[in-house]
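Architecture and fold: a report
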Amino acid sequence: MKRWQFVKRLAPLMALLVLVLSACGREDVSTLNPQGPVAQEQLNLMIISITIMSIVVIAVFAISIFVLIKFRRRKGDNTIPKQVEGNHKLEIIWTVIPVIMLVILAVPTLTSVFKLSNDYSEDPDALQVIVTAHQYWWEFEYPQLGIKTAQELVVPTDKVISITASTADVIHSFWIPALAGKIDTNPDGNVNKMYFEAPKAGVYLGKCAELCGLSHGLMDFKVKAVEPSSFERWQSAMTGAVALPTDPEIASAFESKCLTCHAIGQDGGFSMYPNLTGIGSRESVGGILMNVEEGEAEYTYEDTVYNNLYKWIKDPEKHKPGNQMSDTYTLTETELEGIAEYLTNLKLEFE
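These notes cover the structure that comes with them. Throughout this document, residue positions are counted from 1 along each chain, in the order its sequence is written. Reporting of local features is limited, given that this is a predicted model, to residues whose pLDDT is at least 70; pairs of side-chain atoms are given and counted only at 80 or more, and all residues count toward the totals for whole chains, interfaces and linings. For side-chain calculations, the full set of non-hydrogen atoms in the structure is used, while hydrogens and water are omitted.

1. Observations regarding the sheet that holds strand β6 (residues 172–176)
Defined as follows: The criterion for strand pairing is that DSSP finds at least two bridges linking the strands in question. For helices the rule is a DSSP run of H or I covering at least 4 residues; for strands it is a run of E covering at least 2, with both sets numbered from the N terminus onward. All axes here are fitted lines through C-alpha atoms, helices being fitted over the stretch that makes contact, and every angle between N-to-C directions spans 0 to 180 degrees. Residue contacts are defined here by distance: any two heavy atoms, one from each residue, within 4.5 Å place the two residues in contact.
With mixed pairing, the 5 strands of this open sheet are ordered in space as β4-β10-β9-β6-β7. Since the sheet does not close on itself, it has two edges, and those belong to β4 (152–156) and β7 (180–185), each with one partner. For this sheet, the mean angle separating the axes of adjacent strands, direction not counted, is 20°. Here β4 runs beside strand β10 (residues 220–226); their pairing, made up of 5 bridges, is parallel. Looking at β10, one finds that proline 156 is bridged to valine 226. In this fold helix α4 (residues 228–239) packs onto β4 and β10, with an angle of close to 130° to the strand it touches most, β4.

2. Some words on the side chain of lysine 222
Threshold: A simple rule labels every residue: compare its accessible area, found with a 1.4 Å probe on the protein chains alone, to the largest value its type can have, and call it buried under 20%, exposed over 50%, or partly exposed in between. Here the positive residues are Lys and Arg and the negative ones are Asp and Glu; neither His nor the chain ends is included. A pairing counts as a salt bridge when a side-chain nitrogen of Lys or Arg comes within 4 Å of a carboxyl oxygen of Asp or Glu.
In this structure, lysine 222 sits in strand β10. No salt bridge forms around the buried lysine 222; measuring N to O, its nearest opposite-charge neighbour aspartate 220 is 5.5 Å away. Beyond its immediate stretch of four places on either side in the chain, lysine 222 contacts Gln151, Glu152, Leu153, Val203, Tyr204, Leu205, Glu283, Ser284, Gly287 and Met290.

3. Quick word on the nonpolar core
If you look at soluble globular proteins, the nonpolar side chains tend to sit buried side by side. Note the following rule: The set of buried Ala, Val, Leu, Ile, Met, Phe, Trp, Tyr and Cys residues whose side-chain atoms join them within 4.5 Å is what this entry labels a nonpolar core.
The biggest cluster of nonpolar side chains holds 40 residues, and the ones touching the most others in it are Tyr142, Leu153, Ile163, Phe174 and Phe196. Once residues within four sequence positions are removed from consideration, phenylalanine 174 is found in contact with Val131, Trp138, Phe140, Leu153, Ile163, Gly181, Lys182, Ile183, Met194, Lys207 and Phe221. In terms of nonpolar packing, the next biggest core, distinct from the first, is built from 24 residues, Leu259, Val285, Met325 and Leu346 among them.

4. Some thoughts on the sheet that holds strand β8 (residues 192–197)
The 5 strands are arranged β3-β2-β1-β5-β8 in an open sheet whose pairing can be described as mixed. The strands lining the two open edges of the sheet, one partner per strand, are β3 (147–150) and β8. The sheet shows a mean angle of 25° between the axes of neighbouring strands, direction not considered. Most of the contacts of α4 go to β3, to which it runs at about 95°, and overall it touches β1 (127–134), β2 (137–142) and β3.

5. As for the packing of helix α5 (residues 248–257) against helix α8 (residues 333–344)
What counts here: An angle below 35 degrees is read as roughly parallel, one above 145 as roughly antiparallel, one from 65 to 115 as roughly perpendicular, and any other as oblique. Just so you know the grouping, Ala, Val, Leu, Ile, Met, Phe, Trp, Tyr, Cys and Pro go in nonpolar, Asp, Glu, Lys and Arg go in charged, and all remaining residues, Gly too, go in polar.
Packing of α5 against α8 brings their axes to within 9 Å, and their N-to-C directions diverge by 85°. Put simply, α5 runs roughly perpendicular to α8. Here Glu249, Ile250, Ala253, Phe254 and Lys257 of α5 lie close against α8, whose contacting residues are Thr334, Glu335, Gly338, Ile339, Tyr342 and Leu343. Residues belonging to the contact of α5 with α8 are distributed by class as follows: 6 nonpolar, 2 polar and 3 charged.

6. Side note on unusual backbone geometry
A cis amide bond links glutamine 135 with the next residue in sequence, tyrosine 136, at an omega value of 0°. Take tyrosine 136: it is sitting in the loop between β1 and β2. Even without a glycine there, the phi angle at glutamine 151 is positive, about 70°. Mapped onto the secondary structure, glutamine 151 falls in the loop between β3 and β4. One non-glycine residue with positive phi stands out, namely aspartate 188, at about 65°. If you trace the backbone, aspartate 188 turns up in the loop between β7 and β8. Exposure remark for aspartate 188: the relative accessible area of 80% places this residue in the exposed category.

7. Re the pairing of β1
Across a regular strand the side chains alternate sides, sitting on one face of the sheet and then on the other. Taking burial as the measure, the 8 residues of β1 include 7 buried ones, the bulk of the element. Bridge analysis of β1 against strand β5 (residues 160–167) gives 7 bridges, and the strand direction is parallel. Its bridge partner being in β5, valine 129 is matched across the sheet by isoleucine 163. With 5 bridges joining them, β1 and β2 adopt antiparallel strand pairing. Across the sheet, residue histidine 134 finds its bridge partner in β2, namely tryptophan 137.

8. What about empty space enclosed by the protein?
Basically, it comes down to this: In this analysis, the protein atoms alone were mapped onto a 1 Å grid. Cavities are point sets where a 1.4 Å probe fits without being able to get out; pockets are open sets with protein on both sides within 12 Å along at least five of seven lines; lining residues have an atom within 4 Å of a point. Grid points are joined across faces, edges and corners, and a volume is the space filled by probe spheres set on the points.
Tallied over the entire structure, the rule returns 2 cavities of 30 Å³ or more. In this structure, the largest cavity encloses a volume near 470 Å³. Forming the walls of the largest cavity are 29 residues, and the residues nearest its centre are His262, Pro274, Leu276, Trp312 and Met325. The set of elements that each furnish at least two residues to the lining of the largest cavity consists of α5, β13 (284–285), α6 (301–314) and α8. Counting residues per element, the lining of the largest cavity draws most heavily on α6, at 3 residues. Within the lining of the largest cavity, the residues separate by chemical class into 18 nonpolar, 8 polar and 3 charged.

Shown next as C-alpha cells:
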C-alpha cells in the first residue's frame, strides 16, 4: 500500500518534469535537426546507440515479465524451484549477445570518431577561423582574409570550416548544435581543433556549453551561412574603410571612449573587445538583445537596432552581468544617443 502511495505522489512530479523538458526542444538548438554533414554523422551515431539500447531494454523487460509470470510462486506451492546455476548454454547466450551488440556499436563509432577528427587547419581549400572565447562573448578571426569580428561567424556554404579554438580567460565550450558537436576552449595556451560544414544558407544558434561564470547562459553567438557570392561581398565590406561619425562631438567621444577598447574596420582602434564593424546589421546586440525583422514588432528594424544598442551601451551590466564593460566609460545622454545612432547605421550590405 505504501508503495502505491509513493507512486501516486511521484506521478504528478514526473508529469510536470515532462512538460518542463518539452520546452527545451527548440529547433535551432537541437542536435536532432542536423543541418550539415558533421551534425548528421553525429545524429546517426545517436540513432544506432539508442536503437541498440532500446533492443536491450525491451528484451530485458520482456524476459523479466515472462519470468515473473511463468515462474511466480503459486498459492500453496512451497517447493524449491529448479536451479539453473552453472547452465553453460544460458551463460554463453547472455555473454555473446552483449558482445555482438558492442561490436555493432563500436564499428560505426570508431569510424566516425576518426572521420570527425580530421584536421583541416593546414588545408588551403578550407576556410580557417580562429575562435577565441571571452567572458562573455566570442571573437572570430579569419587569418586568410585579414578579418576580425565578433558574435557572428559568417561562413560560405561551399567550404569546410576549420576551427582553431582557444580562450582568453576561463574554460568555455564552442557548440553549434545544428552543425557540429562542441569543443572546449582551455586556458594556458591550449588549442583544440574541429571542423564543420554549413551547406544550407541560414542562421544557426551557437552556445557556450561550459559553465564559465555569471552570464554563461547569455553567451550566445550566431553562425550565418551565406552563398559564396554573398560571402565575397561580406569580405569586401569587412575590409573596407569605415568612416567615423560626422558630428565632431560624437566622433570625439566615440574615439576616446569606444575605440580605446573596440575597433571598427580591420585597423581602426584596439581589439580587446568585440570589433564593431557591421554591428547595425547583426542578428543581435550583445548576443542576446534580438534585432527582430521589420513587421514583427511595432518598431521598424532600424528602430529596434537603435533601441537595443541604446539599452546595451547605457547599462550593459543589466543585460549581461559581469561583462567588464560597465565601468570603462561615462557618456552624456547626447553622446549615448549619437553613438547608438552611428552604430545603428554601421551596416554591411552583402546579401
